[in-house]
Amino acid sequence: MRIERYFDEVAKSAIREALGVDAPAILKPTQDSKHGDYQVNGAMALGKQRKENPRDLATKIAAELVKHPAVAAADVAGPGFVNLRLDEAWIGAELAKNLDDPRDGVTPIEKAERIVVDYSSPNIAKQMHVGHLRSTILGHALVSMLRFVGHHVIGDNHVGDWGTQFGLLIAGLRKFRGGDASGLDIEGLEGIYRQASALSKDDESFANEARAELAKLQSGDAQSHALWQQFVDITRAELDKIYARMGVTFEEWLGESFYDPMLPRVIETVTAANIAREDQGALCIFFHEWAETTGTPAPGRLAKQKEPFIVRKKDGAFLYSTTDIATVMHRHEVLHASRAIYVVDARQALHFEQLFAVAARLGFTMRLEHVGFGTVLDENGKPIKTRDGKAITLASLLDEAEKRALDKLAEMDVELSEEERVRVAKAVGVGAVKYADLRQNRLSDYQFDFDKLIEFRGNSGPYMQYAAARVGSIFRKGGIDEAGFRVPSIALEAPEEKVLARTLLRFADVVHAAAESCQPHLLTDHLYALSRDFSTFIEACQVLKSEGATRDSRLALCALTGRQLRRGLVLLGIEPVERM
Ligand code: ARG
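Residues numbered from 1 in each chain as written. Predicted model: local features only at pLDDT ≥ 70, side-chain atom pairs only at ≥ 80, totals over all residues. Heavy atoms only, no water.

Participant: Explain the nonpolar core here, please?
Facilitator: As a rule of thumb, nonpolar side chains are buried together in soluble globular proteins. In this structure, Phe7, Leu65 and Leu523 are the most contacted members of the largest nonpolar core, which totals 131 residues. Apart from residues no more than four positions distant in its own chain, Leu523 is found in contact with Met145, Phe507, Val510, Val511, Ala514, Gly568, Leu571 and Leu572. Counting 38 residues, the second largest nonpolar core, distinct from the first, contains Val270, Ala298, Val311 and Leu368. (Core = buried A, V, L, I, M, F, W, Y, C linked by side-chain atoms within 4.5 Å. Buried < 20%, exposed > 50% of the residue type's maximum accessible area, 1.4 Å probe, protein only. Contact = heavy atoms within 4.5 Å.)

Written out as structure tokens, the structure reads:
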């Protein structure tokens with residue numbers, strides 16, 4: 001159950017009973033648990049509105065509130081707040097229900113939407129680098145969280161498979177390899193691209209060749225298309241390997257090329273809507289002209305934006321923007337999505353602002369969101385690179401993380417066979433990389449620190465995996481079936497039990513909030529708090545050595561902690577491990 005929403009309702013009905021009005025309860029968790037669990041602030045606004053003393057209103061509300069079986073105390077404080085303390089027996093009974101709930105208490109959303117999540121989206125003929133790491137990890141977590149709360153989610157890998165790089169690649173392949181792509185791998189492709197791109201800067205005739213190759217490809221020439229297909233296949237094989245390592249899958253792989261047939265229609269549509277005009281041969285959308293040409297200015301900073309959103313270049317070529325207008329059309333008309341989430345580097349913020357403004361102007365009522373993220377920095381605060389100055393590939397990053405996890409596990413002398421150790425190291429290594437990313441507020445840049453990454457302490461992936469495994473080992477030691485463990489209610493007596501229970505109670509609220517706001521760090525924050533409260537509890541309270549109802553209650557708290565940790569990890573795309 002979503003506890004905070006539940007008590008918001010409870011407080012609202014208390015206001016209705018006490019004062020005969022429907023008014024917002026304005027319920028918030030208290031800052032200091034000394035004062036109770038929640039604060040109801042609604043009386044303040046009501047007092048102003050009704051020109052009555054808020055303290056008097058609060059007194060009446062509190063008298064109603066305390067009648068509720070879930071409320072142990074309701075006290076008026078300050079100029080007119082009501083502090084609520086939850087009833088321990090009610091909490092215990094509520095939590096006990098979750099032991100029997102395959103959704104761990106996370107009730108599904110009332111209004112499910114069809115949501116496209118556009119994520120990962122690397123470019124063909126290039127290796128994925130750390131930049132794509134964040135999109136892949138974040139997007140994957142968002143897909144599982146949104147799906148778990150009940151939405152219909154379509155994960156879409158919008159690969160860059162149709163841009164200017166193909167002119168250079170095909171021209172380069174002809175020039176340097178006589179047009180032969182056999183035996184090429186992703187590094188070979190990157191090499192050709194680099195060489196071709198360099199050559200095109202000094203050699204005007206080669207640059208023209210590349211442009212001609214691009215035009216040929218885009219006009220449907222069979223031979224160029226076959227070469228392009230080879231590039232796509234080579235890259236795809238490499239991408240599939242990485243995604244398998246990361247446990248990432250997509251429902252769709254609608255790359256840029258998919259939208260090519262729709263591009264003429266994009267041009268017609270923007271022209272008909274009177275928002276595009278020619279400028280030096282290119283077809284441009286000038287946002288600062290909207291007020292004049294359409295009667296309504298462009299939204300926000302775009303109203304003054306003089307740089308155009310170009311949808312067709314003077315040589316007739318279409319662009320990233322043209323394709324993206326087509327993505328909106330397709331997602332709306334064919335995929336019937338009511339919402340689309342673009343998980344892309346924050347440096348593309350302006351592009352998406354422009355795209356969304358155009359989409360709205362064209363009458364697409366879909367909710368469009370750019371879920372941006374910051375840059376991954378090295379220990380000196382510079383965008384992370386390899387020693388020889390190249391962008392770090394995702395593959396090498398995962399290799400390093402796994403290696404370090406393996407070393408760490410060897411140090412720790414856990415009872416694992418060699419084979420298990422390798423498997424656990426993979427889960428821990430990849431999990432550490434993912435968690436380190438997800439625990440950040442996504443918009444901030446963050447420093448990547450290998451030494452902290454594989455730390456088995458603090459707010460890290462390995463620590464959450466370890467805490468979950470610890471729960472498992474308690475049940476194993478006691479010879480008790482963890483998955484089948486049920487109790488009718490949980491008695492909360494020790495202060496550490498009460499604290500842990502309250503953290504457990506927040507799970508549904510947290511999962512919904514993290515999914516809705518596209519902020520997985522809200523979930524990692526919860527897991528971190530949970531692991532700490534669990535640790536404190538375990539140190540203060542005997543579990544297996546206690547007896548009777550106390551033992552059952554404590555085991556129930558352990559089981560619930562284990563479930564939330566594992567469920568949380570899975571929602572973040574991280575594999576829990578049984579032992580470590
Ligand atoms: N391929 C692009 C890049 O690597 C990201 C594409 C994001 N998705 C989109 N619909 N524009 O920067």
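Participant: Honestly, the environment of Gly478 in this entry has me stumped. Any pointers?
Facilitator: Note on placement: Gly478 falls in helix H17 (residues 461-478). Between the alpha carbons of Gly478 and Leu544 there is a distance of 6.5 Å; along the sequence they are 66 residues apart. (Helix = DSSP H or I, 4+ residues; strand = E, 2+ residues; numbered from the N terminus.)

Participant: Sorry, what's going on with helix H14 (residues 394-411) here?
Facilitator: Note that an α-helix has 3.6 residues per turn; residues three or four places apart therefore point the same way. With 18 residues, H14 should cover 26 Å at 1.5 Å per step; its first-to-last C-alpha distance of 26 Å lies within 8% of that length. Looking only at H14, the buried set comprises Leu394, Ala395, Leu397, Leu398, Ala401, Glu402, Ala405 and Leu409. Along H14, the residues classed as buried sweep out an arc of 160° about the axis, all on the same side. Each element contacted by the buried residues of H14 is listed here: helix H5 (130-148), helix H9 (222-246), helix H15 (418-438) and helix H16 (450-453). Once H14 finishes, Asp413 follows within two positions and takes phi at roughly 35°, a positive value. (Expected span 1.5 Å × (residues − 1). Arc of directions from axis to C-beta.)

Participant: Help me out: how do you make sense of the sheet that holds strand S9 (residues 309-312) in this one?
Facilitator: Paired through backbone hydrogen bonds, the strands of a sheet run either parallel or antiparallel to each other. On the basis of which strands lie adjacent, the open sheet formed by 3 strands has the order S7-S8-S9 and antiparallel pairing. The open sheet terminates on both sides in strands that have one partner only, identified here as strand S7 (276-279) and S9. Looking at each pair of strands side by side, their axes are set apart by 40° on average, direction ignored. (Pairing = 2+ DSSP bridges. Axes fitted to C-alpha atoms, helices over the stretch in contact; angles between N-to-C directions.)

Participant: Would you take a moment to explain the pattern of salt bridges for this structure?
Facilitator: Under the defined criterion, the tally for this structure stands at 39 salt bridges. Between Asp22 and Arg16 there is a salt bridge, with the nearest N and O atoms lying 2.8 Å from each other. A residue is classified by how much of its surface remains accessible, and Asp22, at 59% relative accessible area, is exposed. By relative accessible area, Arg16 is classed as partly exposed at 37%. A salt bridge links Lys241 to Glu238; the shortest N-O distance between them is 3.5 Å. With Lys241 and Glu238 both in helix H9 and 3 residues apart, this pair spans about one turn of that helix. According to the relative accessible area criterion, Lys241 is exposed, its value standing at 54%. Taken together, the shared-partner salt bridges in this structure form one network comprising Glu113, Arg339, Arg367, Glu369 and Glu516. (Salt bridge = Lys/Arg side-chain N within 4 Å of Asp/Glu carboxyl O.)

Participant: How do you make sense of the layout of surface pockets when you look at a structure like this?
Facilitator: Left-over empty space is what a probe sized like a water molecule reveals as it rolls over the atoms. Of the voids in this model, the largest pocket is the one considered here, and its volume is about 780 Å³. Residue lining of the largest pocket: 34 residues in total, with Asn123, Lys126, Gln127, His129 and His132 positioned closest to the centre. Looking at the lining of the largest pocket element by element, the count peaks at 4 residues for helix H7 (residues 186-202). The residue makeup of the lining of the largest pocket, split by class, is 11 nonpolar, 13 polar and 10 charged. (1 Å grid on protein atoms, 1.4 Å probe; cavity = no way out; pocket = protein on both sides within 12 Å on 5 of 7 lines; lining within 4 Å. Points joined across faces, edges and corners; volume = space filled by probe spheres on them. Nonpolar A, V, L, I, M, F, W, Y, C, P; charged D, E, K, R; others polar.)

Participant: How do you make sense of the packing of H7 against helix H8 (residues 204-218) when you look at a structure like this?
Facilitator: Two packed helices can be described by the angle between their axes and the distance between those axes. Close contact between H7 and H8 brings their axes to 6 Å; oriented N to C, the two are set at 125°. Relative to H8, the element H7 lies oblique. The handedness of the crossing between H7 and H8 is left-handed. Every residue of H8 that contacts H7 at Ala196, Leu199, Ser200 and Asp202 is listed here: Glu204, Phe206 and Ala207. Across the contact of H7 with H8, the residue classes tally to 4 nonpolar, 1 polar and 2 charged. (Parallel < 35°, antiparallel > 145°, perpendicular 65-115°, else oblique. Left-handed = near helix turned anticlockwise from the far one by under 90°.)

Participant: I'm lost on the site of the ligand in this one. Help?
Facilitator: Neighbouring residues of the ligand: Asp118, Ser121, Asn123, His132, His158, Tyr320, Asp324, Tyr342, Val344, Gln348 and Phe352. One of the backbone N or O atoms of Ser121 is found 2.9 Å from a nitrogen atom in the ligand. Residue His132 places a side-chain N or O atom 3.2 Å away from an oxygen atom belonging to the ligand. About the coverage of the ligand: the protein hides 88% of its 350 Å² of free accessible area. Taken together, the residues that form the shell around the ligand break down as 4 nonpolar, 5 polar and 2 charged. (Near = heavy atom within 4 Å. Polar contact = N/O pair within 3.5 Å; in protein donor to acceptor, adjacent residues only side chain to side chain. Areas by Shrake-Rupley, 256 points an atom, 1.4 Å probe, with all protein chains shown as cover.)

Participant: Can you help me understand the side chain of Arg421 in this one?
Facilitator: Checked against the element boundaries, Arg421 lands in helix H15. Apart from the residues lying within four places of it in its own chain, the contact partners of Arg421 are Leu406, Leu409, Ala410, Val414 and Leu416.

Participant: When you look at the packing of aromatic side chains in this model, what are you seeing that I'm missing?
Facilitator: Going through the model one piece at a time under the given rule, you end up with 20 aromatic pairs. Each ring, one from Tyr342 and one from Phe356, has its centre 5.6 Å from the other, and the planes form 45°; the classification is tilted. In this pair, Tyr342 is assigned in strand S10 (residues 339-343) and Phe356 in helix H13 (residues 349-361), connecting sequence segments 14 residues apart. According to the relative accessible area criterion, Tyr342 is buried, its value standing at 1%. Among the aromatic residues, ring-to-ring pairing joins Tyr6, Phe7, Tyr38 and Trp90 into one connected group. Over the face of the ring belonging to Phe148 we find Arg103, whose NZ or CZ atom lies 4.5 Å from the ring centre. Taking NZ or CZ as reference, Arg236 lies 3.5 Å from the ring centre of Trp253, over its face. (Phe/Tyr/Trp six-rings, centres within 6.5 Å; stacked < 30°, edge-to-face > 60°. Lys NZ or Arg CZ within 6 Å of the ring centre and 35° of its normal.)

Participant: Looking at this structure, I do not really get unusual backbone geometry. What am I missing?
Facilitator: Peptide bonds are, in most cases, trans, and in most cases residues other than glycine have a negative phi. Even without being glycine, Gln280 reaches a positive phi, approximately 45°. Mapping Gln280 onto the fold places it in the loop between S7 and strand S8 (282-285). Judged by its relative accessible area of 70%, Gln280 is exposed.

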